[in-house]
Amino acid sequence: MTQADPSVPVADDAAESDCYHCGLPIPSDTRHYVNVDGRRRRMCCTGCEAVAQSIVDNGLVDYYRHRDAMPETRREAMPAELQELGLFDHPDFQKSFVRPVGEHEREAALILEGITCAACVWLNENHVARLPGVSAIQINYATRRARVRWDERSIKLSDILAAIQAIGYRAYPYDAERSEQVANRERRSMLWRVFVAGFGMMQVMMYAFPAYVAGEGDMSWDIELLLRWASLLLTLPVVLYSAAPFFQRAWRDVRLRRLGMDVPVALGVGSAFVASLWATLTDGPEVYFDSVTMFVFFLLGGRYLEMIARQRAVRGVEELGKALPSFAERIAAWPQQTVAERVPTSQLVAGDVVRVRPGEVIPVDGVVVEGVGEANEALLTGESMPVPKRVGDRLTGGSINISSPLLLRVENVGDATRLEAIRRLMERAASEKPRVATVADRVAVYFIVTLLVLAGLTGIAWYIIDPDRALWVFVSVLVVACPCALSLATPTALTVATDALARMGVLVTRGHAIETLARANHFVFDKTGTLTHGRMQLEEVLALGGQDDDALIRLAAAIEQGSEHPVAAGLRAAAGDQALPVAVDLVAETGQGMRGVVEGEALWIGRPDFVVAAVGLPAPAELEAFSGRGGTVIGLASRAGWLGLFRLADQLRAEAPLLARRLAGEGLPMSVLSGDAPSVVAGVAATLGIRDAHGGLSPQGKQQAISALQREPSAVLAMVGDGVNDAPVLAQAHVSVAMGGGTDLARNQADIVLLNENLASLGRGIDLSRKTLRIIRQNLWWSFAYNFTSVPLAMAGLVTPWMAGIGMAASSLLVVLNAMRLQRVPGKR
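Residues numbered from 1 in each chain as written. Predicted model: local features only at pLDDT ≥ 70, side-chain atom pairs only at ≥ 80, totals over all residues. Heavy atoms only, no water.

> Just to check I follow, could you spell out the overall build of the chain for this structure?
Counting secondary structure elements, the chain contains 29 helices and 29 strands. Buried positions account for 55% of the 829 residues belonging to the chain. Taking as baseline every contact in the chain between residues at least 6 positions apart, the subset at least 24 positions apart corresponds to 68%. Summing over all exposed atoms, the chain offers an accessible surface of approximately 35,700 Å²; the carbon and sulfur share of this is 56%. (Helix = DSSP H or I, 4+ residues; strand = E, 2+ residues; numbered from the N terminus. Buried < 20%, exposed > 50% of the residue type's maximum accessible area, 1.4 Å probe, protein only. Contact = heavy atoms within 4.5 Å. Areas by Shrake-Rupley, 256 points an atom, 1.4 Å probe, with all protein chains shown as cover.)

This is the structure:
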């Protein structure tokens, strides 16, 4: 996106509170500007900024000069010429919400308007998935967010958006500000509809009351007819405005030959209103205007409260998108000069030096180059305690500098930041459907078909038994059994739980993770970096080839430069600032060791058995005694013979014994699988009270051990390890958990990531996952119990339409409020 030139004078309009492009109010915390006709104009969001910039870049500034009013709709917010240019297909416009996932494959993050039930999600997913070139689409009901993947050679993004619009929905590029605007617009629209329905209901009930209480002959026919016509006039805005979305969506579903939640609602409201209208015109015996208005009011009221609860539940995820500031103070000539200039965060690049004042949000990922202070990383890790920061320490974008000014050198910006990686993983989890949600959606579709059949048969039966009651019994059956609560039972609970887990530092990255973690009955742990801190320290060096200890350390560190393993980090730390020899042709054997060439000589470093097999040498005689001193032993050799042995030690995490005792107390079996020496692994396992421990395993050996455990009857295996080095093993387990404090999140393969690297958070996450599964089951049982109880009562004529409206709205609201209980984060155990 082309940024505004700060040297351009700011127009008077830029100081106003309304967007220059669309006229909507500008949020106070946003800063978006575009130079139009030499003046700096202020915009309300990145979308308007991109549209306005495209208008300027394509020579269409006359659009602003000649317009005499602000646009009323999004379509009118861009001139026809720009629409023909395919704005949504423009690379500059796509930068903020589209990312490449292959040579020609792209993935877009969208926000959808018009989603009201699980059937809407199903309709959009199936409709878009059938488009040529679309490889995947996933929509989250609770957040209304979608992820679409397509081949740009076969289809354009604008074609996908047009296809969504063709079936009655609207899709926008996702950004946090746009999402908030869409949510506000939904709330205002729904509130107005509720107000009209409530006002109409009160007035119609006032006119219906005399007919209910009047005795035989107390009210003349003329007065009764006048009251009917007054009720009709007051019911019209309720049906034509408040209930209009029900009819629009029901007609769309019928036209597309699909059944959604709004079909039975529209049938019930429409049939009752038409029958009442006919009775008013023909002097019929009964009218149901009061039931129609009450039903619409209670239904809309329930959906409004459900909307508020849903938007509150997803607010935590949305806050991540707004965490980074729009501007930063860049020091162009540091350290020669310390004068800072204020620039948009999007203009920062790796290597820039940025000043962050106390109380400000850190805008990018970087390393402290000057200053001593503290950072609050609660948004990222769930830990509220300040983290000390000094020169050389890493700072993460989104955390808050809380003490003194810091200078940091930029390492990652934009999509490459850790915060953005967290947000993408949360989006991925939200867009994936676990098994329980898929089953509920499938049941809801069949339930609607069954409901329509039952309502029709009931109406026919009552027409034979008592024609005067047939209509309102038919309407009651349609309304009371609408499976709205069933469609809300699972996605709302999972969304609230995902947000609550994120606030405690447990990042859910896969849709099935919460459900599977709750059912896990066997926990398997890696050792290094999981049960221990993974900060290996060199304890001892045993020279075997005549070189001194420092020379061996330098050789080892040079080869280990190509490894991410904690052992490699420990050897590099032992070398300190010493100059390292140049190592080339580095090749890693995951979980085994490294091979490299130094000064023309091939060297191998790693587990002693790996070096023995690679070089073809017998194990050194000193190995057994050296290994007996404890710790992890690493060997270094060349073709000529052994050069030396290294012994490194790690510390057990303080919270590991607590978690082990807790799981053992619940009767859950535990295992330790590690590539470290068997004696070291056995010692750590014995300290934790874990009997099943296996050391000296390769990644393939770990996979085989996991497979053997999974063959046990009813086994649900949870693997806790390293998100990168243990990727194949994590993929093998039913649910995987990774320590994510220092891991590259973009490459993390785990279903769950512990951002604060605290095993106590895993214990709390298990508690919340189990509570989530209990609440989902409660919601499903309540939904089924309500429907199976209310339908027979309605078929028997014991439920009036307005009672049915209250029942349906109350059941949906109860499900949402039950799910909201998950927002209370469990305490530490």
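What follows picks up the thread again.
> Help me out: how do you make sense of the sheet that holds strand β23 (residues 632–638) in this one?
Hydrogen bonding along the main chain pairs the strands of a sheet, whether they run parallel or antiparallel. Read from one edge of the open sheet, six strands run β19-β24-β23-β22-β21-β20, paired in antiparallel fashion. Every other strand in the sheet has two partners, leaving β19 (537–543) and β20 (583–589) as the edge strands with one partner each. For this sheet the average axis-to-axis angle between neighbouring strands, irrespective of direction, equals 20 degrees. In this sheet, strand β24 (residues 641–649) lies alongside β23 in antiparallel orientation, the contact comprising seven bridges. Looking across to β24, one finds that I634 is bridged to F646. (Pairing = 2+ DSSP bridges. Axes fitted to C-alpha atoms, helices over the stretch in contact; angles between N-to-C directions.)

> What exactly am I supposed to notice about the environment of S346 here?
Along the chain, S346 falls in the loop between β9 (340–344) and β10 (353–356). The sequence separation of S346 and G414 amounts to 68 residues, and the corresponding C-alpha distance is 6.9 Å.

> Any chance you could explain unusual backbone geometry here in plain terms?
Note on backbone geometry: most residues besides glycine have negative phi, and most peptide bonds are trans. Within the chain, D585 stands out as a residue other than glycine whose phi angle is a positive 55 degrees. Looking at where D585 falls in the secondary structure, it is placed in strand β20. You can call D585 exposed: its relative accessible area is 53%. Residue E599 is not a glycine yet carries a positive backbone phi of 50 degrees.

> I would appreciate a short explanation of the pattern of salt bridges in the present structure.
The final tally for this structure, using the stated rule, is 18 salt bridges. Taking the shortest distance from any N to any O, the salt bridge between D499 and R503 comes out at 3.5 Å. Note that D499 and R503 are positioned in helix α17 (residues 484–503) at a spacing of four residues, about one turn of the helix. On the basis of relative accessibility, which here comes to 6%, the residue D499 falls in the buried class. Note that R662 and E666 form a salt bridge whose closest N and O atoms lie 3.0 Å from each other. What makes R662 buried here is its relative accessible area of 12%. Residues joined in a network through salt bridges with shared partners are R99, E107, R147 and R149. (Salt bridge = Lys/Arg side-chain N within 4 Å of Asp/Glu carboxyl O.)

> Is there a simple way to explain the confidence of the model for the chain in this structure?
In the predicted model, the chain carries a mean pLDDT of 79, and the fraction of residues at 70 or more is 83%. By mean pLDDT, the top-scoring element of the chain is strand β18 (residues 522–525) (93), and the lowest-scoring one is helix α3 (residues 80–84) (42). Here residues 1–14 is a poorly scored stretch, pLDDT under 50, and it has 34 contacts once near neighbours within four places are set aside; other chains count. (pLDDT = per-residue confidence, 0-100.)

> Even after reading the chapter, I still don't get the side chain of T235, so can you show me in this structure?
Its place among the elements puts T235 in helix α8 (residues 221–242). Reaching out from T235, the side chain makes a polar contact with the backbone oxygen of S231 at a distance of 2.6 Å. In this structure T235 touches V204, F273, F289, V292 and T293, once residues within four positions along its chain are discounted. (Polar contact = N/O pair within 3.5 Å; in protein donor to acceptor, adjacent residues only side chain to side chain.)

> What exactly am I supposed to notice about the packing of aromatic side chains here?
A ring pair, where both rings are aromatic, is described by two values, the distance of the centres and the angle of the planes. Applying the stated rule across the entire model yields five aromatic pairs. On the basis of an interplanar angle of 90 degrees and a centroid distance of 5.8 Å, the ring pair of W192 and F195 is categorised as edge-to-face. Here F195 and W192 lie together in helix α7 (residues 176–213), a separation of three residues that amounts to about one turn. Residue classification places W192 among the exposed positions, given a relative accessible area of 52%. One aromatic cluster is present, built from ring pairs that chain together W192, F195 and F199. The ring of Y33 has R40 lying over it, and the distance from NZ or CZ to the ring centre is 4.0 Å. Looking at R193, its charged tip hangs above the ring of Y241, at a distance of 4.6 Å from the centre. (Phe/Tyr/Trp six-rings, centres within 6.5 Å; stacked < 30°, edge-to-face > 60°. Lys NZ or Arg CZ within 6 Å of the ring centre and 35° of its normal.)

> Just checking my understanding: could you explain the pairing of strand β8 (residues 327–331) for this structure?
Along a regular strand, successive side chains alternate from one face of the sheet to the other. Of all five residues in β8, five are buried; the element is thus mostly enclosed. In β8, alternate side chains face the same way, and those of F327, E329 and I331 on one face and A328 and R330 on the other are all buried. Examined bridge by bridge, β8 and β9 share five bridges and lie antiparallel to one another. For F327, the partnering residue across the bridge sits in β9 and is P344. In terms of strand pairing, β8 meets β10 through three bridges, oriented antiparallel. In the sheet register, I331 faces β10, and the bridge partner there is V353.

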